[in-house]
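Secondary and tertiary structure notes
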Amino acid sequence: MYDHQRIETKWQKEWRDSHLYRVGEDQTKPKYYILDMFPYPSGTGLHVGHPKGYIATDIFARLKMMQGFNVLHPIGFDAFGLPAENYALQNKMHPKTATDANIVTYKRQLEILGFTYDWEREINTTDPEYYKWTQWAFLKMFEAGLVFESYEPINWCSSCKTGLANEDLEDGKCERCGTLIEQKPMRQWVIKITDYADRLLNDLDKLPDWEESIKEMQRNWIGKSEGAEINFSVKDSELKIKVFTTRVDTIFGCTYVVLAPENKLVEEFKTKITNWSQVAEYIAAVKNKTNLERTDLNKDKTGVKLEGLKVINPFNGTEVDVFIADYVLNSYGTGAVMAVPAHDERDFEFAKKYNIEIKFVIESKEKKGFIYSVPNGFSKELARHAELNDKIILHGQEGFLIDSGEFTGLDSASARTKMVEWLKKNNCGNGKINYKLQDWVFSRQRYWGEPIPIIHCNKCGAVPVPYEQLPLTLPDVKSYEPSGTGESPLATISDWVNTTCPKCGGPAKRETNTMPQWAGSSWYYLRYIDPKNNEALVNKQKEKYWSPVDFYVGGAEHATRHLIYARFWHKFLFDIGVVNYEEPFQKLKAVGLIIGEDGRKMSKRWGNVINPDEVVAKYGADALRLYEMFMSPFSDASAWNTNGLIGVRKFLDRVYNISVSEEIDSPAVVNVLHKTIKKVADDILDFKFNTAVSAMMILVNTVYEQGGKMNKANYALLLQILAPFAPHLTEELWANIGAKGSIFATIYPAYNPELMKDSMVTVVVSVNGKVRANLNLPAGISEEAAMTVALENDIIKKWLDGKTIIKKIFVPDKLINIVIK
RNA sequence: GCCGCGAUGGCGGAAUUGGUAGACGCGCUGGACUUAAAAUCCAGUUCUAGCGAUAGAGUGAGGGUUCGAUUCCCUCUCGCGGCACCA
């Protein structure tokens, strides 16, 4: 057993003192930028799951260094936002005090794991010198017209007492505290991320090295759908209802139109509506529903007819009724839909309930003239209603148009094209693309965030804080508890709030909302490149040298939050010339969760949290590093198992205990050694750490089978390939064998293809596909020679006895298959 | 409902241009060492039958292609993740 505590402390100090991991813009070497999603320092410190990704990138970074790359592998802390503030509130501390203390803990915990971080590049999103540039980018967006003030109802968390973006919700609940979200009208700063929707979507195709699942999540989140907007004019009025649909081809089957209850048009129709009290009552009832109640798919569809109102289908002049119903969302499309109950499940349900006409306009592709496409949930009852009985089956909705005027007979797709042309020509609509992605609600009514650098002037409106006044620092405040009134605690500091207008010099007030948690993390990877720059967000030359991030590793839970925001922010910076690449992260890998030994998520609540400090103290950082890489494929979730950890520790002890000499190694050891050199490097670059570790175990097992001793030069090679995984132990053993300098200053060993080759190979002989014998033959043996040996083999002879050979298959150095009858 | 991913021993997992299924580790069994234990080392460990050589079965289920399928195709079941009254 080696003394891991002594060795690990010693080398960590050594590395620190020699600045081994300090990097600059070395033009003589190719650069490699590998990045982890930086931690959010919580009060409970790290558990063993957190560093898994950091260990992987560290191994990768060390290998790249040894392969001659200039590697940037930085770390920092993301510390603004709700979790830190809520933690501080709970513990009756100032958020800054709490955050600083947590960062100290995190740094200590990271340092004992022996990472290659260049701590001179450490960043912290709550540092005014950092958030100066978060504010700067915000102002640039403001300048570019991407930022606006909105008074629309937004997601409101009554427990966190703040508005939230769509991305901050999970199942209609607050992602942080689980409280049901309500819709509350409130003044908000909003960023037009939707202006970038198309680029965010299309550019995913430029990222072949991103995990497909994450790209798919983003595609779902952006939710592009192509369709048309159509104006239905209101009878006896100048007013119009604009609807969005992806199925213009079904418009001849439209038998009513539905508005979202919150749609502003409803108010405009007030004078025409004869049942206003009923309508008003419904709108009020909907307002009281939570989002969750409203979007419950199992509930019955409800709605109210707007009596006295008729709209006209532009295609056929048909007059149809108008309803308001909460199954139509005001936030998507135009907040109004044309309803085609024959070909839409939701409209069908509603129409059935309110006894509205169902008109079929799409004929089945498969059985022309007979079978109609209808929504799922269709019943025989409806068949009678529609007088179509046997002609109706349940299946998809694309087909050929019937009863559709001049468009009859066209297939759905070409009908849509023709109909959009028709709409344009007749000036009553147009093609339209909609996104599920909504604009980014960017203000929080909380204390612990970057102040939004805007000044409100009665004369000049919203005026940006001049660039030279940045950073606009977060002032100290006595009570930082959220007020719940829609104002942040900053509103109570009158000498901060009251200021003068930068434009007219008149009295004005500062914006008191702060930025969301995701602001600072949207561009932090750029700051590592140039962390102390006072003149610019990042120096152009340095940016050019290091950009883009070659490899980004982190949790898949950020797919539709951080990763969308960061891509957006980066594209904006590209547009204003700050960065020279359109996509910030070239390659992306998701890290799999480490769960508790009991199979549950590690949490205080279950008492199954494994603390890395204890593991490091007992088994060493190298064992922890090696184990986390060995336990499962990198992106898979997997349960902690202390016995498994002990297993890899045994392996390290075996490496330590090998007796080194000048004697020549057996060919078996040399052969496996060179195979392992190749496999380990290939596997690390492929993020297949588990098989890399297993390959090294096989090598060491071979060494022990051959007597447990190894030639010094060969032992040095073993240390070099193990070094990225177990940096402390290998550095120590490297010194022990008398090698000069740090093992990480050496060039990663090259394998010798000649020594890797096997002289003898096992060729399996199967009869009718079943393995019957193994032959040990010289590598590269000819088909003829191998077949002769096989046919003379006693076991094979027995199987072939009395049978006719139909076919003989030969795969060089692998197998022979004899087919008999 | 839609989209994506997955299912291999007691457990984590390995095996891809289709070619010995179960590498490596854990666990378990036996042995050596020890007064004893731990540690270490050695041997065994998919299941069934057999003392054994060996034979049969076997990668979620069923079917197909093939000399040969964990791997390719079809149908289904279960599990995980994402999206979801998005028109």
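Residues numbered from 1 in each chain as written. Chains lettered and ligands numbered in written order. Predicted model: local features only at pLDDT ≥ 70, side-chain atom pairs only at ≥ 80, totals over all residues. Heavy atoms only, no water.

The next thing to look at is the overall build of chain A. Within chain A one finds 27 helices and 36 strands. Along the first, second and third principal axes, the C-alpha set of chain A runs to 105 × 90 × 50 Å. Counting over 821 residues, chain A shows a buried share of 54%. When the 101 basic and 106 acidic side-chain charges of chain A are each reduced to a single mean position, those positions are 1 Å apart. (Helix = DSSP H or I, 4+ residues; strand = E, 2+ residues; numbered from the N terminus. Buried < 20%, exposed > 50% of the residue type's maximum accessible area, 1.4 Å probe, protein only. Lys, Arg positive; Asp, Glu negative; His and termini not counted. Charge placed at Lys NZ, Arg CZ, Asp CG, Glu CD.)

Okay, the confidence of the model for chain A next. On average, residues of chain A carry a pLDDT of 90, and 95% of them reach 70 or more. Predicted confidence for residues 373–387 stays below pLDDT 50, and this span has 44 contacts to residues more than four positions away or in other chains. Across the whole predicted complex the pTM is 0.92, and at the interface the ipTM reaches 0.94. (pLDDT = per-residue confidence, 0-100. Contact = heavy atoms within 4.5 Å.)

On to the protein's contact with RNA strand B. Around RNA strand B, the structure places 52 residues, and the nearest of them are Thr246, Lys299, Lys301, Arg346 and Asn817. The separation between a sugar or linking oxygen of RNA strand B and a polar side-chain atom of glutamate 216 is 3.2 Å. Between RNA strand B and tyrosine 327, the relevant distance is 2.6 Å, taken from a sugar or linking oxygen to a main-chain nitrogen or oxygen of the residue. If you list the elements that add at least two residues to the surface near RNA strand B, you get α7 (212–222), β14 (240–245), α20 (642–657), α22 (689–705), β33 (760–767), β34 (770–778), β35 (805–811) and β36 (815–820). With six residues, α22 is the single largest residue contributor to the surface near RNA strand B. (Near = heavy atom within 4 Å. Polar contact = N/O pair within 3.5 Å; in protein donor to acceptor, adjacent residues only side chain to side chain.)

This brings us to the nonpolar core. Trp440, Tyr524 and Leu573 are the most contacted members of the largest nonpolar core, which has 91 residues in total. For this core, the element with the most residues is helix α5 (residues 128–143), which contributes nine residues. Dropping the residues within four chain positions of it, tyrosine 524 is found in contact with Leu35, Asp36, Met37, Phe38, Ile123, Tyr130, Tyr552 and His562. In this structure, Val48, Leu626, Phe725 and Ala726 belong to the second largest nonpolar core, which totals 83 residues. (Core = buried A, V, L, I, M, F, W, Y, C linked by side-chain atoms within 4.5 Å.)

Strands belonging to one sheet form pairs held by backbone hydrogen bonds; the direction of such a pair is parallel or antiparallel. As summarised here, the arrangement of the four strands in space is β34-β33-β36-β35, forming an open sheet in which the pairing is mixed. Of all the strands in the sheet, just β34 and β35 have a single pairing partner and so form its edges. Ignoring which end each strand starts from, the neighbouring axes of this sheet average 15° apart. The pairing of β35 with β36 spans six bridges and is antiparallel. Bridging from a neighbouring strand, lysine 808 pairs with isoleucine 818 of β36. Its contacts with the sheet put helix α26 (residues 783–792) on β33, β34, β35 and β36, and the angle it makes with β35 is roughly 125°. (Pairing = 2+ DSSP bridges. Axes fitted to C-alpha atoms, helices over the stretch in contact; angles between N-to-C directions.)

Glancing now at the state of the cysteines. For the structure shown, the criterion picks out zero disulfides. Cysteine 177 supplies the cysteine sulfur nearest to cysteine 160, a cysteine that is in no disulfide, at a spacing of 3.7 Å. (Disulfide = S-S within 2.5 Å.)

Let us look at the environment of glycine 644. Assignment of secondary structure puts glycine 644 in helix α20. Measuring from C-alpha to C-alpha, the distance between glycine 644 and glutamate 628 comes to 9.5 Å, with 16 residues separating the pair along the chain.

All chains considered together, the criterion is met by 49 salt bridges. Glutamate 25 serves as the salt-bridge partner of arginine 121, at 3.8 Å between the closest nitrogen and oxygen. Residue arginine 121 is located in the loop between α4 (95–111) and β4 (123–124), and its partner glutamate 25 is located in the loop between α1 (4–17) and β1 (31–36); the two are separated by 96 residues in the primary sequence. Taking the shortest distance from any N to any O, the salt bridge between aspartate 686 and lysine 688 comes out at 4.0 Å. What makes aspartate 686 partly exposed here is its relative accessible area of 44%. Residues joined in a network through salt bridges with shared partners are Asp203, Lys206, Arg567, Lys571 and Glu583. (Salt bridge = Lys/Arg side-chain N within 4 Å of Asp/Glu carboxyl O.)

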